[in-house]
Amino acid sequence: MDEETQTVTTIAEEKDTVGDFTFPERNKFDAGYGLSEATVDYISDVKEDPDWVREFRKKALRVFEEKPMPTHWATKDLEAIDFDAIRYYLSDGERPKKSWDDVPDDIKETFDRLGIPEQERAFLAGVEAQFDSEAAYSNVKDAVSEQGVIFVTSAEGLKEHEEIFRPWFGKVIPTSDNKFSALNSAVFSGGSFIYVPKGVKVSHPLQAYFRINSENFGQFERTLIILDEGAELTYMEGCTAPKFGTPTLHSAVVELVAMKDAKLQYITVQNWSSNVFNLVTKRGIAHENAEVRWIDCNIGSRLTMKYPGVVMKEPGARGEVVSIALANDGQHQDTGAKMIHAADNTTSNVVSKSISVGEGRSTYRGQVHIPKHLKGCVNNTECDALLINAKSKTDTYPAISVKGNQHQTQHEASVSQVSEEQIFYMQQRGLSEAAAMSLSVNGFINDLVREFPMEYSVELKRLIDLEMEGSVG
Amino acid sequence: MSLSIKNLHANIDGTEILKGLTLDIPKGEVHAIMGPNGSGKSTLAKVLAGHEDYEVTDGTVSMDNQDLMAMEIDERSRAGFFLAFQYPMEIPGVSNANFLRAALQARMPKGEDLDAVEFYKMMRDRMKQLGMDEKFTGRAVNEGFSGGEKKRNEILQMMMLAPSYAVLDETDSGLDIDALKVVSEGVNAMRSPASGFLVITHYQRLLDYIVPDVVHVMTDGKIVKTGGKELALELEEKGYDWVKDELAPA
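Residues numbered from 1 in each chain as written. Chains lettered and ligands numbered in written order. Predicted model: local features only at pLDDT ≥ 70, side-chain atom pairs only at ≥ 80, totals over all residues.

Engineer: Explain the overall build of chain A to me, and be specific about the residues and the numbers.
Structural biologist: Scanning chain A for helices and strands turns up 12 helices and 23 strands. In chain A, which comprises 473 residues, the proportion classed as buried is 52%. (Helix = DSSP H or I, 4+ residues; strand = E, 2+ residues; numbered from the N terminus. Buried ≥ 20, exposed ≤ 12 C-beta atoms within 10 Å, placed from the backbone.)

Pasting the structure below:
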């Protein structure tokens, strides 16, 4: 039945101005510009990293330096990133807070503007927020910690829970996976560490927020989530950043582990400002009968490159990627999925819908890998692109490698435009051209938007309406 | 108060379709237009609605003393003009309920919200009247609907939007007798001194159920003959050529 909110609303706030405010920088620890072994040592010193972490970082730095920019297949726009002009670590040197009352005022105000306190009151079990590389606020509510759930920053995780953290850290995504996972591995800071014990089903989604607040500063959060057998969790992240004239780099790594019968769902709404390079490596390992689902929405940034993946390591494992992307003028959403089947009777599902507005470009890259020795694997991929204006662009690069004859794979792709006759019909019912376009576009992604929790789906529709506003006439 | 069309000329891609059409539909009356294929009946409907493929080169249209041609497509709608399409569009992913809500909300004064409870009640009542299954509210607009279901959906929308003037473009095509009766009942229920109707049809049969006050014959882009409801029967009997012969110079 119809659960809907108004799809045609007047947006009072300009999307740009909500994210467009900053506070005077108060960073006590500043690694300076550029990246070298000295930078890595500085970070490890400040964070009081154990030796194994310092070594890990240094090895990663070498890998990063050796690897070329992947412009032989990715966009040449990557060359606009000036690694020497970025600050790799910035923090107010304060330890994570446990209570909201202890959080400095201007940080509170940032979160206030972004509506976080309300959401925390509403239904979240715990909120961990990152501000300029360090968690400014970390709070695990009683209910969750009572169940034995660990929800801390990655820094706390590797120090206080090394025995759980270390075995999986860097195993789902090896440092050398790509140039940007190597970069993250060298300078990572912030991000979450979550462990859910056997059989624990966390009823409320856990959530984190990120924000970049210094010019030329990059965010390199590192998240590791481990679900023990039979555990269940939904994790959400949504982020925003203020606009600056110079490029900003966001290069995160998210590693997920779902042990036997576990179910892990990771939801992202990305709305970085239009100058941000958002280059993220996300992957999950699903064990026997376990499920890893990525629900991803990309609306912001100058360039996003993100291919959430699942390695189905044991029989019965399932992987899913649900992806919505919107690319407007000056934006390139380069997204997709990687489904690696490594056991019999594994199933993967990819649904991707993209909207290109103005001169925006959306790209789908989907890897499906099923080797010869396996039986009974299934993959379904659907990627649909909607082009709004005459100069809007979309391209698709499926990389499907299926060997053996005991599998089922399906790939469907479509490219369409909003029909003029459809807009005429809606206008004849009294909707303005802009409202008609919005309704049509929301209709296109409607069944995917439903995958997001209610609050996000409302925010999503508003964000899309805002993006569409300039596109007609 | 009326929908007053004077000497309307319109073309598409340079080909003139409406060649000086004059027609007056007062509130409270039902007018029918009948005519052979290619006479321009559907073009008239689209031009009145404001479809951008058509260029109006001469003539005026005033609706309750407002210049209709000076208004945008959606403005005309909000000012009280409704077109029941001959080929209604599908809108994937947008439910019938949402669509109607959006259309009604667009008519609310700025800052005011439609009362959801009242809206749903009204929609359910009208659907019942039209013999439509409640499940249609959640389905995407016209998606997977049969021809008859689409036409019924047009009448549902008309009843919900309560226009001042409604043009029904070949609403009877694709309808079986039962659906025809139900749709006609819906239209008849809306007849009132506050609204005027223009029923465009090929066949006289619809006019047995929606009995018109005035019948016009349209050929070659113009109204060539006007009469009472008996004119429809005469046409049925004698065919359109009869009209042409009548008008031809002796």
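Engineer: Could you give an account of the overall build of chain B, naming the residues involved and the relevant values?
Structural biologist: When you go through chain B residue by residue, the secondary structure sums to 9 helices and 12 strands. The C-alpha atoms of chain B give 18 Å as radius of gyration, which agrees with the globular expectation for 250 residues (18 Å, within 12%). Based on the C-alpha atoms only, the size of chain B along its principal axes is roughly 65 × 40 × 35 Å. When the 250 residues of chain B are sorted by exposure, 42% land in the buried category. (Rg over C-alpha atoms; globule rule 2.2 N^0.38 Å.)

Engineer: I'd like a rundown of the interface of chain A and chain B, residues and numbers included.
Structural biologist: Every contact between the two is made by 24 residues of chain A and, on the other side, 25 residues of chain B. Every element with two or more residues in the side of chain A that touches chain B is listed here: helix 10 (420–428) and helix 11 (433–449) of chain A. Sort the elements by how many residues they give to the side of chain A that touches chain B and helix 11 of chain A lands first, with 8 residues. When its residues are assigned to classes, the side of chain A that touches chain B shows 8 nonpolar, 11 polar and 5 charged. (Contact = placed C-beta atoms within 7 Å. Nonpolar A, V, L, I, M, F, W, Y, C, P; charged D, E, K, R; others polar.)

Engineer: Describe unusual backbone geometry, naming the residues involved and giving the relevant values.
Structural biologist: Residues and elements named next belong to chain A. The phi dihedral of Asn289 is positive, around 55 degrees, even though this residue is not glycine. Tracing the backbone shows Asn289 in the loop between strand 13 (276–286) and strand 14 (291–298). A positive phi angle, close to 55 degrees, is found at Asn345, a residue other than glycine. Asn345 sits in the partly exposed class, given 17 other C-beta atoms within 10 Å.

Engineer: Any details on the sheet that holds strand 6 (residues 81–84) of chain B? Residues and values, ideally.
Structural biologist: Residues and elements named next belong to chain B. Read from one edge of the open sheet, 6 strands run 6-9-10-3-11-12, paired in mixed fashion. The outermost strands of the open sheet, each flanked by one partner alone, are strand 6 and strand 12 (222–227). Across the sheet, the mean angle from the axis of one strand to that of its neighbour is 20 degrees, orientation sign disregarded. Both strand 3 (residues 30–34) and strand 11 (residues 214–219) contribute to a ladder of 4 bridges, which runs parallel. Bridge pairing links His31 to Val214 in strand 11. On the sheet, helix 1 (residues 41–49) packs against strand 3, strand 6, strand 9 (165–169), strand 10 (196–201) and strand 11 and is oriented at approximately 145 degrees with respect to strand 9. (Pairing = 2+ DSSP bridges. Axes fitted to C-alpha atoms, helices over the stretch in contact; angles between N-to-C directions.)

Engineer: Any details on the packing of helix 3 (residues 51–66) of chain A against helix 9 (residues 179–187) of chain A? Residues and values, ideally.
Structural biologist: Residues and elements named next belong to chain A. Remark: helix 3 packs on helix 9, axes separated minimally by 7 Å, with the N-to-C direction vectors making an angle of 150 degrees. In terms of orientation, helix 3 lies roughly antiparallel with respect to helix 9. Our pair here, helix 3 against helix 9, has a crossing hand that is left-handed. Contacts from Phe56, Arg57, Ala60, Leu61, Val63 and Phe64 in helix 3 reach Lys179, Ala182, Leu183, Ser185 and Ala186 in helix 9. Residues of the contact of helix 3 with helix 9, tallied by class, amount to 8 nonpolar, 1 polar and 2 charged. (Parallel < 35°, antiparallel > 145°, perpendicular 65-115°, else oblique. Left-handed = near helix turned anticlockwise from the far one by under 90°.)

Engineer: Could you give me a rundown of the confidence of the model for chain B, with the residues and numbers involved?
Structural biologist: Chain-level pLDDT for chain B is 92 on average; 99% of the residues reach the 70-or-more range. Predicted as a complex, the structure gets a pTM of 0.79 and an ipTM equal to 0.96. (pLDDT = per-residue confidence, 0-100.)

Engineer: Tell me what's going on with the nonpolar core, and back it up with residues and numbers.
Structural biologist: Soluble, globular proteins show a tendency: their nonpolar side chains are buried together. In this structure, Leu227 and Ala258 of chain A are the most contacted members of the largest nonpolar core, which totals 183 residues. Top element by residues in this core is helix 11 of chain A. It accounts for 9 residues. (Core = buried A, V, L, I, M, F, W, Y, C linked by C-beta atoms within 7 Å.)

Engineer: Could you give an account of the sheet that holds strand 5 (residues 66–67) of chain B, naming the residues involved and the relevant values?
Structural biologist: What holds strands together in a sheet is hydrogen bonding between their backbones, with the strands either parallel or antiparallel. The strand order across the open sheet formed by 4 strands is 2-1-4-5 (chain B), and the pairing between neighbours is antiparallel. Edge positions in the sheet fall to strand 2 (15–26) and strand 5 of chain B, since each of these pairs with one other strand and no more.

Engineer: Run through the environment of Arg462 of chain A, naming residues and quoting values.
Structural biologist: All names here are of chain A. Looking at the element boundaries, Arg462 is found in helix 12 (residues 454–469). With 18 C-beta atoms counted inside 10 Å, the residue Arg462 sits in the partly exposed group. Between the C-alpha atom of Arg462 and that of Ser438, which follows or precedes it by 24 residues, the distance is 9.6 Å.

Engineer: Give me the pairing of strand 12 of chain B: which residues, what numbers.
Structural biologist: All names here are of chain B. Where strand 11 lies against strand 12, 5 bridges are found, and the strand directions are antiparallel. Within strand 12, the residue paired with Val217 across the bridge is Lys225. Counted between consecutive antiparallel strands, the loop separating strand 11 from strand 12 contains 2 residues, among which Asp220 sits at a positive phi close to 50 degrees.

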